[in-house]
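# Survey of secondary and tertiary structure
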Amino acid sequence: MISLVTIALGFSQIMASFRFQPGSKTVTDKDYFKVISYNVRNFDLYNYKKNWEPTFHKRNNIFKFLQAESPDIICFQEYVHDISGKFKTGDTLVTFLKAKYIHAEYTVISRKVNEFGVQR
């Protein structure tokens, strides 16, 4: 009974969030958009080669995956942007994904070199 009352009270919110249409309607690809939420784990920034040089293998694999999926909206967790330009992420993503809108929130800036946070 409690579940039914809760559903009844929140029914307007449910209808605002989900579209229910009786009958048959042909749905096309343009009726959808693709959203990816991805924990990129700092693009494996701390996996160094000898002489403390960053390795780009996992970062490049993530970039290839995103290109193949071609999402409309991407949300990154554990995102890193290298201010020095040695380990490029943001600039590269914008270029190959042809991103029109970007929003980043950095929670930590480490030694004025890396910005850590989330990006959408």
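Residues numbered from 1 in each chain as written. Predicted model: local features only at pLDDT ≥ 70, side-chain atom pairs only at ≥ 80, totals over all residues. Heavy atoms only, no water.

### Section: the overall build of the protein
Put simply, the rule is: The way it works is that DSSP assigns letters per residue, a run of H or I at least four long becomes a helix, a run of E at least two long becomes a strand, and they are numbered from the N terminus. We call a residue buried when its accessible area falls under 20% of the maximum for its residue type, exposed when it is over 50%, and partly exposed in between, using a 1.4 Å probe and counting protein chains only. Whether two residues touch is decided by their heavy atoms; if any such pair falls within 4.5 Å, the residues are in contact. Per-residue and other accessible areas follow the Shrake-Rupley method at a 1.4 Å probe size, with only the shown protein chains counted as cover for residues.
In terms of helices and strands, the protein carries four helices and four strands. Sorting the 120 residues of the protein into buried and exposed places 23% on the buried side. Looking at the protein alone, contacts between residues at least 24 apart form 67% of all its contacts between residues at least 6 apart. If you sum the accessible surface of the protein, you get close to 9400 Å²; carbon and sulfur atoms cover 57% of it.

### Side note on unusual backbone geometry
Residues other than glycine seldom take positive phi values, yet R41 does so here, at roughly 50 degrees. For S70, which is not a glycine, the phi torsion comes out positive at approximately 50 degrees. Of the residues examined, S70 reaches a relative accessible area of 52% and is grouped as exposed.

### Structural notes on the nonpolar core
Filter applied, for reference: Joining through side-chain atoms within 4.5 Å is the link that ties buried Ala, Val, Leu, Ile, Met, Phe, Trp, Tyr and Cys residues into a set, and such a set is a nonpolar core.
Counting residues in each nonpolar core, the largest one holds 14 residues, and the members touching the most others are F43, L66, F76 and L93. Sorting the residues of this core by element identifies helix 3 (57–69), strand 2 (73–82) and helix 4 (90–97) as the ones contributing at least two each. For this core, the leading source of residues is strand 2, giving four residues. With residues near it in sequence (within four places) discarded, L66 still touches I36, Y38, P71, I74, F76, L93 and L97.

### Concerning the packing of aromatic side chains
Our working definition: When two rings of Phe, Tyr or Trp (its six-membered ring) have centres within 6.5 Å they constitute a pair, described as stacked for plane angles under 30 degrees, edge-to-face for angles over 60, and tilted for the intermediate range.
Within this structure, the stated rule accounts for three aromatic pairs. Aromatic side chains Y38 and F65 sit 5.7 Å apart centroid to centroid with 90 degrees between the ring planes, which places their arrangement in the edge-to-face category. Of this pair, Y38 sits in strand 1 (residues 35–39) while F65 is found in helix 3, placing the two residues 27 residues apart along the sequence. Ring geometry for F43 versus F63: centroids 5.8 Å apart, planes at 65 degrees, classification edge-to-face. Remark: F63 occurs in helix 3 and F43 occurs in the loop between strand 1 and helix 3; sequence separation between them is 20 residues. The same class applies to F43 as to F63, namely buried.

### Things to note about the pattern of salt bridges
Applicable threshold: The salt bridge criterion pairs a side-chain nitrogen of Lys or Arg with a carboxyl oxygen of Asp or Glu, the two atoms within 4 Å.
For the coordinates displayed, the defined rule picks out one salt bridge. The shortest N-O distance in the salt bridge between E69 and K34 comes to 3.0 Å. On the criterion of sequence distance, the pair formed by E69 in helix 3 and K34 in the loop between helix 2 (11–17) and strand 1 is long-range, its members being 35 residues apart. Among the residues examined, K34 registers a relative accessible area of 34% and is labelled partly exposed.

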